[in-house]
Each structure stands twice: as C-alpha cells, then as structure tokens.
Amino acid sequence: MPDMRRMVRVALDVPLRHGFDYLVPDGMGVPVIGSRVRVPFGRRNAVGVVIARPKTSEVPEARLKPVRELLDSQAAIGPEVMKLCRFAAQYYHHPLGEVLSTAMPLKLRQGAAPDALVRSWHLTREGAEQDLDALKRRAPRQAELIRLLLATGEVSEPLPARLKRLVPTLEKRAWLLCEQRVVTPVPPAQAASPGPELSREQATAVRTITSALGRFAGFLLRGVTGSGKTEVYLQSARACLAAGRRVLILVPEISLTPQLVERVRTRLGARVALSHSGLTDSERLAHWRSAKDGAADVVLGTRSAVFAPVPDLGLIIVDEEHDASFKQQDGFRYSARDMALVRARDEAVPIVLGSATPSFEALHQVEESRLDALRLPRRVGVAKPPSARLVDLRQGRLEAGVTTILLDRMRSHLIAGGQVLLFINRRGFAPCLLCESCGWRAECSRCDAALTLHRSAGRMHCHHCDHRASIPLQCPECDAHTLAAVGQGTQRIEETLTRRLPGVAIARLDRDSTRSRGSLERTLDSARRGETKVLIGTQMLAKGHHLPGVTLAAVLDADQGLFGLDFRAQERLAQIITQVAGRSGRGEQAGEVIVQTRFPDHPTLRRLITEGYDAVAADLMEVRRSDGWPPFERLVLFRAEASDAKDALAVLRLARAELESAGIEILGPAPAPMARRAGRHRAQLLLIGSRGRLQTLLRSRLEAVLSLPAAQRARLSIDVDPIELF
Ligand code: ADP
Ligand code: ZN
Ligand code: ZN
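Everything in this summary refers to the structure shown in the same document. (Residues numbered from 1 in each chain as written. Chains lettered and ligands numbered in written order. Predicted model: local features only at pLDDT ≥ 70, side-chain atom pairs only at ≥ 80, totals over all residues. Heavy atoms only, no water.)

1. Structural notes on the coordination of the zinc ion (ligand 2)
Applicable threshold: Donor criterion used throughout: N, O or S atom within 2.8 Å of the metal, extended to 3.2 Å for Na, K and Ca. Water excluded; incomplete-looking sites may result. Secondary structure is summarised from DSSP: a helix means a run of H or I of at least four residues, a strand means a run of E of at least two, and numbering begins at the N terminus for each. The rule is simple: take the accessible area with a 1.4 Å probe, protein chains only, and divide by the maximum for that residue type; under 20% is buried, over 50% is exposed, in between is partly exposed.
Donor atoms from the polypeptide that coordinate the zinc ion (ligand 2) comprise Cys 435 (SG), Cys 438 (SG), Cys 475 (SG) and Cys 478 (SG), at 2.3 Å from the metal. Every donor residue of the zinc ion (ligand 2) comes from the same chain, spaced as C-x2-C-x36-C-x2-C. Of this pair, Cys 438 sits in the loop between strand 21 (432–435) and strand 22 (452–454) while Cys 478 is found in the loop between strand 24 (468–470) and strand 25 (483–486), placing the two residues 40 residues apart along the sequence. For Cys 478, a relative accessible area of 33% corresponds to the partly exposed category.

The following block contains the structure:
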C-alpha cells in the first residue's frame, strides 16, 4: 500500500467521470488540492488538477505512475471555486476534469506558469549574425530557433518543449537575451467619480441590496434598458468595495462593451479584471491572475467568469439574467446564472439578477420568495411609456418585409430627428433561394435546413453547420432561370431601405456585419452619436444596448416566435418585443413601437401590446404550470448523434428502458427538430419531473445508460435544464 502522503487523485480534461491516481515522487513537494500537475496519461502528458489525496487506490501500486511535474505551489483552483465546480459536475452530470478546465484560462490548462510574469527572448547582435547554414549542419534545432527569432523579432512563453530546451545554451553563448515583463492588465484605481443622484426607486433598490451584504440574499432587479439598473449595480458594488470585499459581475457576451468596462472602472475607481472571449490567451491568463491575487477589485466577464477566482467575494451581479448566452449549449452544458446563485449561497453573499424581461425561472423564484423583486419603473428621463401597436403584414403593400404603414412612420420619426430601430430574426440577404418554376429550394447538403443567401458575399451559407456554397445561376432541378430570393434578411432590408430612404444613414447589426473586432462598437457608437439614423439588427439589437435617441422601434416579423417548435418560443418572443420596445422614447415625447404580424389577433401579441410583459408572462406561466413544463417541472434532455439515424434512436430506446421510473415522464425517443445537422443524425429523449426526482434518477441510472454497448455507436450527451430542445 503506498504511503498516504505520496498519492494524489487528479481530474483530467477528458470525458471520463472519475479521477486518476498518481504517485508523488520523492523530492517533489506534496501537491495541495486544487494545484495543477503534469502527469502521464496514455501515451502523452496531460495537465490535471489535484482533487484529493487518497489513502488507497483501486489501482495496484505497481501500476501507479508518478506525477511528472508539480505546476503550482498554491492551489490554482481555490476551495470556493473547487466546491462550485464539484457541485456543477454533480448537478450537470459532467466530468469534473472538464468542469475544472472551464474554470481555467487555456494557458493554465496547457501548463503555463500561473504568474503573470511573461518571459520573452530576442536575439543579440551576435545571435543574429550567426551563419545559419553552418549552424544548421551542427545544430539544426538551434538554427530553427534563430530563424524563428529573425522572422518574428521575439518569442515569448510558453515555448514548445523542443525549443525551450535550447534556451539556456543560447543564453550562455550570449546569442539570446531574456526579458521579463510583468503583465498588468488591470490599470491602477483612480478616484471614484460620483454618479447621478439616484431616483427614489433606485435608492430603495441600493438600500435593500446593500443591507444584505455579508449574507446570502437573492434579488431580481426589474427595469428596461436605460431605467438605471447599472447605476444600482454600481452603487451597490461601491458599498461592497467600501466594506473591503470584491464584486463579480456577469454580463451576456454582446453587452460587454468597452463603455461598460470604462463605466465600472471610473465610477467605482476600481481595478477591473476581465474574462471574455475577446481577450488573447495571454491576456486571459493575466486577468485571471489579477483576479486570483486580489489585485482586481471587480471581476467582470461573460458566462465562464462565474468560475473566476474572487477572493473575499462580497456581491454577485448577473445583468440581463434572461439572456440565453448564460447557458452553455455544448460540451459542459451549464447555466452561469444558476451557478451564480449557487455560488452566492455557498459564499454567503447577496446576488442581484437584473432584467427588463425576467426569465420565467426568475419570476417563479420570486413567487416562491427565493428572490426579492426590486423594480425600476421606467427609463431615466422618459416621462411616458411607449405606445405600441400591431400592424397586419397581410394588408397594404409590402416591400422587403416593411409595410407602407411602417415606412410612413419611419419617415415621420426621421423628419422629427428621431432614430429608428428595426428588429428582424434573420441575418443574411434572404432566408432562402427558391425556384419559382419547380419549387426547388437550396438546402444544405449536411443539414435539414435551407441555405441562407448572402448576396454581398456572393455565396450561400448554412447557419447551422457553417457550410458555404456558391449561388447557383439556374435551378439544378429543372434548369430554369427562375431562382428567386424568398423571405427577408437584414441585408435585403438594408438594400431596400437605402433605396426608399435616400440620404438616410442606415446600418446593419448582425453577426456578419460585426465579425471583425471592434465593428460592433463602431456601429453602436455611430448610432449613439446619432449619425446612424436607422439601425437594422438581429437578436443582437434586443440586448442591453442603450440608444437614447431611438423614438421608433419595430419588430418586422413576430410570427416565427408565435409558432416556434420550442416550448419557450413565446417567452422569447415576448422578451424580444419588450426589449426592442424598451429602446424607444425619450424625454417628454412618448416613443412608438410597431410589431408586424400576420396574426394581429393572436392573444399573446394582443396582451403584450395592451398590458405588457408581466401580463403575458403570467398567462404563459399558467399554461406551463398546467402542462407541467419548466419552471414548474424540470427537464433533462438526452441527445444522441450518429452517422446512422437508426443508431441514434436505438441507443435512446435502450436508455429509456433504463430510465423508466415513478414520477418521471419520458418523451421520445424522437428525431431532433433538425434531424440532420453537419451530416450527423440526431435524436433526443426528454425527461420531465421534479428536480429532486430527476437528480436521484440520474445519480442511480446514468452510469448504466452511458455504459450501454449501443452508446459506442452514437455520441450520447446529457443536458440538465436545457433551454433549447434541439
Ligand atoms: P440600465 O442599466 O437599466 O440600462 P443605466 O444605469 O445605464 O440603465 O442608466 C441609463 C442612463 O441613465 C445612463 O446614462 C445613466 O448614467 C443615466 N442615469 C441612471 N440613473 C440616473 C439618475 N438617477 N439620474 C440621472 N441619470 C441617470
Ligand atoms: Zn426548378
Ligand atoms: Zn448545414
């Protein structure tokens, strides 16, 4: 039996659900829990996190391999984050090693040194003057490194192992010079600037939140964009910082703008560490390090920042809590919003969830008194709520999806100096290309989906698998030259409006127009300054951008949301319309909202227009309650993917047999709504039941399901609390 101090259990970033035991060789310090180690795994070395120091192992001692390298002297994953990761692994039934790797920047996962000191090397003059050909014969690796340095000027950590080994030799010959730079991504704190005087409602919210500092309390802060929620966050955060504790702020990817960062920085006078996908790997590591060391007062980031290290955490804020981007949709499928609640409870701190259009989950939590609702009634400085109406898409002339009524209203708002915001669900020029002679439709060869026409890029594009194809000149089915673009996309609307509104500055905001770094910011800036008069956009527009000059907001086609396959379709639609509507109106002048639809009598739309989001939410939630859907019951979705449709269904049929259990309803297996995607056949099995029952079932049966021999021929994945059923 190995000596108890000499063994560690390591979680590796692999899809296996158990830890791996290793021996700690003599002379190596004892790795603390949460530190990273490099260990042999199969035929390679892998970086893992120490999760336990077991006394015994199921593996016979003779077969235990030694830890190769201890990478941290202190835990990279501190006890709080470790606890959260363990909870997440259990709740989402996902391998702990993969959960832990979500909690670390890529460089740490690759084994880089955690300190933000980055070493880099450049050539001395002597090094640069070496005869490379001669050197290549003697020492090809050295020549390779010098050639690389001649080309790039310098190389910095981490170097590939084969080059790293050469560095000491070349340094000794004075061919290489090492420089150490401290990476300080976090600018020093300035004096905090005072904010505006708070409204009565804001002051009440701040008082309520700050009186909960030091214990767990959950708040739902309700208010449209521009109603002053961020002011409430900032003032509450300031009180938290003044009490010597730190703040974690989570936002949807798209609303993490330089403006917001700047506002947090200057208003709080705080050092802010960031965590989001726009940072380079080195920046991410450096920011992570400043969070870990406590050099930052505030950690601000998107989804995975919920796992960021925040010593002396005092307050958590989740802005736009209803936003779907808080749920990771592949791999480790977790909800950052839900994990933030768990973290707040574990660390005994208050948490504020903010939204104009709370998720039904949040509303239900308020009903059950698990969250306290705080409300900001209207946009700052706006006296009247916008007036909204439905416009029938079947009446009057339509051009590129814009009715003459809407076009007229746009003209009057533009003449009055207002800005117009048009929301549409689809990017691209038109959803599809159709043959008017034979009905042929351009479809993706790998998915059950139409290709989207992107005329300006001169191609067809599948939005589901990224497949690209050229635009056919004639119908491949009947050879006729009768291909027509059908439906509306952002590009097509932009094109039409440019013709119909000559001289008006129009901009588009979608994933295509904002692909390059900074372009989203530029478009929004120009809209904020009032230069862009008409802004056409997809979902991106419906997120928390504050555009005070908008007086007319329109949803071009509400109908997709009315009859969507997903049980959340109407919730989403109500959220989008409300978010879009919240953008319109300023000062004394009431804003205007137009929703175009072919179903102007639809009860959800009517109620939304006349009574607003709360009324619709109450209606829809009643339906959810009586039908037994979330948030009243919980879901677990099993997905199977295989190259053969039969295999995907077969494994789920067997899974169903394993999972049958009292109090749990099982739907399926059935082909997924998009049965084929990227050439793979997809099927799903849906479990409905109480959270407790589902968790108990998964704990006892999941192992058996995953080890079904049929699971070899299909990729099986599990989604606890799925937000989309596809
Ligand atoms: P939200 O986060 O709800 O979108 P913000 O907090 O960003 O709202 O407020 C919108 C705008 O109104 C900002 O420019 C902000 O500075 C301003 N603002 C917020 N609260 C007040 C207030 N009490 N008095 C004056 N201006 C305010
Ligand atoms: Zn045809
Ligand atoms: Zn495709």
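2. A closer look at the packing of aromatic side chains
Filter applied, for reference: Two rings from Phe, Tyr or Trp (for Trp, the six-membered ring) form a pair when their centres are within 6.5 Å of each other. A pair whose planes differ by under 30 degrees is stacked, one over 60 is edge-to-face, and the rest are tilted. When the NZ atom of lysine or the CZ atom of arginine is within 6 Å of a ring's centre and also within 35 degrees of its normal, the charge is said to sit over that ring.
Under the criterion given, the structure shown has eight aromatic pairs. With centroids separated by 5.9 Å and ring planes inclined at 5°, the aromatic side chains of Phe 87 and Tyr 91 adopt a geometry described as stacked. With a gap of four residues between them, Phe 87 and Tyr 91 both fall in helix 1 (residues 79–91), about one helical turn apart. When its relative accessible area of 33% is taken as the criterion, Phe 87 is described as partly exposed. An aromatic cluster of at least three residues, connected via ring pairs, comprises Phe 87, Tyr 91, Tyr 92, Phe 307, Phe 332 and Tyr 334. Above the face of the Trp 175 ring, Arg 173 is positioned so that its terminal group lies 5.1 Å from the ring centre.

3. A few points about the coordination of the zinc ion (ligand 3)
Applicable threshold: Just to be clear on the cut-offs, tetrahedral is four donors with all angles between 85 and 135 degrees, square planar is four donors and octahedral six with opposite donors over 155 degrees apart and all others between 65 and 115, and anything else goes down as irregular.
The zinc ion (ligand 3) binds to the protein through Cys 444 (SG), Cys 447 (SG), Cys 462 (SG) and Cys 465 (SG), with metal-donor distances spanning 2.3 to 2.4 Å. Coordination at the zinc ion (ligand 3) is tetrahedral: its four donor atoms span angles of 103 to 113° at the metal. Of note, the donors binding the zinc ion (ligand 3) are all from one chain and are spaced C-x2-C-x14-C-x2-C. With Cys 447 in the loop between strand 21 and strand 22 and Cys 465 in the loop between strand 23 (459–461) and strand 24, this residue pair connects regions lying 18 residues apart in the sequence. Just as Cys 447 is buried, Cys 465 falls in that class too.

4. Quick notes on the pattern of salt bridges
Cut-off, in case you're wondering: The salt bridge definition used is simple: a Lys or Arg side-chain nitrogen within 4 Å of an Asp or Glu carboxyl oxygen.
The full count for this structure, using the stated rule, is 47 salt bridges. Of the charged contacts, one joins Lys 83 and Asp 346 as a salt bridge, the two residues approaching to 3.5 Å between their closest N and O atoms. In this pair, Lys 83 sits in helix 1 while Asp 346 sits in helix 13 (residues 336–346), placing the two residues 263 residues apart along the sequence. Residue class for Lys 83 comes out partly exposed when judged on its relative accessible area of 47%. For Asp 719, the salt bridge is made with Arg 639, and the minimal N-O distance between the two is 3.1 Å. One end of the pair, Asp 719, is in strand 33 (residues 715–720); the other, Arg 639, is in strand 30 (residues 634–642), with 80 residues separating them in the sequence. Neither residue differs from the other here; Asp 719 and Arg 639 are each classed as buried.

5. Overview of the side chain of Arg 639
So the rule is basically this: Within 3.5 Å is the distance limit for a polar contact, defined as a pair of N or O atoms, with the added protein rule that one can donate a hydrogen and the other accept it, and that residues adjacent in sequence qualify only through two side-chain atoms.
Looking at Arg 639, the relative accessible area reads 12%, which means it is buried. From its side chain, Arg 639 meets the backbone oxygen of Glu 724 in a polar contact 3.2 Å long.

6. Here's the deal with the nonpolar core
Heads up, the rule is: In these notes, a set of buried Ala, Val, Leu, Ile, Met, Phe, Trp, Tyr and Cys residues joined through side-chain atoms within 4.5 Å is what counts as a nonpolar core. For this analysis, residues touch if any pair of their heavy atoms sits within 4.5 Å.
Grouped together as the largest cluster of nonpolar side chains are 114 residues, with contacts concentrated most on Phe 307, Phe 638 and Leu 687. No other element matches helix 1, which puts seven residues into this core. In this structure, Phe 307 is in contact with Val 81, Leu 84, Cys 85, Ala 88, Thr 102, Ala 103, Phe 332, Tyr 334, Met 339 and Arg 343, ignoring residues within four places of it in sequence. Ranked by size, the runner-up nonpolar core spans 31 residues in total, among them Leu 256, Leu 260, Ala 270 and Leu 300.

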